[in-house]
Amino acid sequence: MKFLILQHTQKTPPGSTLEWLIQKQLPFEVRFASEIQKWQSEVQFEALIICGGVMNVDQEDKYPWLHLEKNLIRQSIQEGKKILGLCLGAQLLAEALGAQVQAHTHWETGWHPVRLNDGSELMAFEWHKYTFSLPSGADLLATNNQCFHQGFRYRDQILATQFHPEVTRDWVIERSQDPAPPGPDYVQTPEQILAGLETLQPQLQKWFFNQLDQFFLGSPK
């Protein structure tokens, strides 16, 4: 199974997804979505991973290549390919499945608890202002009080998270240095973001790798 990773910006890399792929000795290519016109005809893949990004799904006027990326995503769904969507990637998948994607009332950044569909709680790393409704036929994967739809699964084909389970230590440190978005309620300070580096990031990565094992490889829990 060869993976295509769609990256949107240098600031939103595939993160620990690459480590998992390397551990499992799975072939992959990383391509920038903004250059899709150059490479689309030459890249063959069986599974798709869609990273986060600073753009939003409704900004095709500013990012014209989004139209081509959305077509690629819809085609991949129709062909039955396994797809993972992370943050913006989850929003693009939700839209492709007919759900609504729109700006939320507030930003959500840093470490926040989400309730998983098995009843457990996970400290997730967030960095978003947009949100999506649950696509028809999808199962809610995770939720919290400040952003109800935190992730979904669609049949056995699509896994999507609004949060960033792929976040690495370096990525946490870089985000802690970013200017804070407006809205103090769910926007953490640099100190709060860095406080989760030693314990929360490894726990989140362990959960993420377990999800990838089950979703892509069919490994038991």
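Take the overall build of the protein next. Scanning the protein from terminus to terminus reveals seven helices and nine strands. Taking 17 Å as the expected radius of gyration for a compact globule of 221 residues, we find that the protein reaches 16 Å, a close match to that expectation. Counting only C-alpha atoms, the protein reaches 45 × 45 × 35 Å along its principal axes. In the protein, which comprises 221 residues, the share counted as buried stands at 54%. Here the contacts in the protein between residues at least 6 apart in sequence split such that 69% fall between residues at least 24 apart. Carbon and sulfur atoms form 49% of the exposed surface of the protein, whose accessible area is close to 10,200 Å².

For the rest of this paragraph, the subject is the sheet that holds strand S5 (residues 101-116). The nine strands lie next to each other as S2-S1-S3-S4-S9-S8-S7-S5-S6, forming an open sheet whose pairing is mixed. Each end of this open sheet is capped by a strand with a single partner; those strands are strand S2 (28-32) and strand S6 (121-132). Averaged over all adjacent pairs, the angle separating strand axes in this sheet is 20°, with direction ignored. In terms of strand pairing, strand S3 (residues 47-50) meets strand S4 (residues 82-86) through four bridges, oriented parallel. Bridging across to S4, Ile-49 finds its partner in Leu-84.

Quick look at unusual backbone geometry now. We note that Cys-87 has phi near 60°; this positive angle belongs to a residue other than glycine. Of note in this structure, Arg-155 is not a glycine but carries a positive phi near 50°. Secondary-structure assignment places Arg-155 in the loop between strand S8 (151-154) and strand S9 (158-161).

Glancing now at the nonpolar core. Residues Phe-125 and Phe-216 are the most contacted members of the largest nonpolar core, which totals 34 residues. Ignoring sequence-local partners within four residues, the contact set of Phe-216 consists of Met-1, Phe-3, Trp-20, Ala-47, Ile-49, Lys-82 and Leu-84. By size, the runner-up hydrophobic cluster in this structure holds 33 residues, among which are Leu-4, Tyr-63, Phe-132 and Ala-138.

It is worth spelling out the pairing of S8 at this point. In the sheet, strand S7 (residues 138-143) pairs with S8 via four bridges, with the strands oriented antiparallel. If you follow Asp-139 over to S8, its bridge partner there is Arg-153. Taken together, the four bridges between S8 and S9 define a ladder with antiparallel strand orientation. From the neighbouring strand, Arg-153 faces S9, where its bridge partner is Leu-159.

As a packed pair, helix H3 (residues 65-78) and helix H4 (residues 88-96) sit with axes 10 Å apart at the nearest point and diverge in direction by 65°. Taken together, the axes of H3 and H4 lie roughly perpendicular to each other. Of the two possible hands of crossing, H3 and H4 adopt the one that is right-handed. Judged by residue contacts, Leu-66, Glu-69, Lys-70, Ile-73, Arg-74 and Ile-77 of H3 engage Leu-92, Leu-93, Glu-95 and Ala-96 from H4. Looking at the contact of H3 with H4, its residues break down into six nonpolar, no polar and four charged.

This paragraph deals with the pattern of salt bridges. Using the criterion set out here, one finds 11 salt bridges in the structure. Here Lys-2 makes a salt bridge to Glu-29, at a shortest N to O gap of 2.4 Å. Linking Lys-2 in the segment before strand S1 (3-7) with Glu-29 in strand S2, this pair joins segments that are 27 residues apart in sequence. Each of Lys-2, Glu-29, Arg-31 and Glu-42 takes part in one network of salt bridges that share partners.

This next bit is on the environment of Pro-181. By secondary structure assignment, the location of Pro-181 is in the loop between helix H5 (169-176) and helix H6 (190-195). In this structure, Pro-181 is in contact with Trp-107, Thr-109, Trp-127 and Val-187, ignoring residues within four places of it in sequence.

In this section: the packing of helix H1 (residues 16-23) against helix H7 (residues 200-217). Running from N to C, H1 and H7 point in directions that differ by 55°, and their axes come no closer than 11 Å. Our classification of the angle between H1 and H7 gives oblique. Crossing angle aside, the handedness with which H1 passes H7 is right-handed. Contact with H1, carried on its side by Ser-16, Thr-17, Glu-19, Trp-20 and Gln-23, involves Gln-205, Phe-208, Phe-209, Leu-212, Asp-213, Phe-216 and Leu-217 of H7 and no other residues of that element. Of the residues assigned to the contact of H1 with H7, the class counts are six nonpolar, four polar and two charged.

Rules behind the numbers
Residues numbered from 1 in each chain as written. Predicted model: local features only at pLDDT ≥ 70, side-chain atom pairs only at ≥ 80, totals over all residues. Heavy atoms only, no water. Helix = DSSP H or I, 4+ residues; strand = E, 2+ residues; numbered from the N terminus. Rg over C-alpha atoms; globule rule 2.2 N^0.38 Å. Buried < 20%, exposed > 50% of the residue type's maximum accessible area, 1.4 Å probe, protein only. Contact = heavy atoms within 4.5 Å. Areas by Shrake-Rupley, 256 points an atom, 1.4 Å probe, with all protein chains shown as cover. Pairing = 2+ DSSP bridges. Axes fitted to C-alpha atoms, helices over the stretch in contact; angles between N-to-C directions. Core = buried A, V, L, I, M, F, W, Y, C linked by side-chain atoms within 4.5 Å. Parallel < 35°, antiparallel > 145°, perpendicular 65-115°, else oblique. Left-handed = near helix turned anticlockwise from the far one by under 90°. Nonpolar A, V, L, I, M, F, W, Y, C, P; charged D, E, K, R; others polar. Salt bridge = Lys/Arg side-chain N within 4 Å of Asp/Glu carboxyl O.

Any functional reading would require information beyond the geometric quantities listed.
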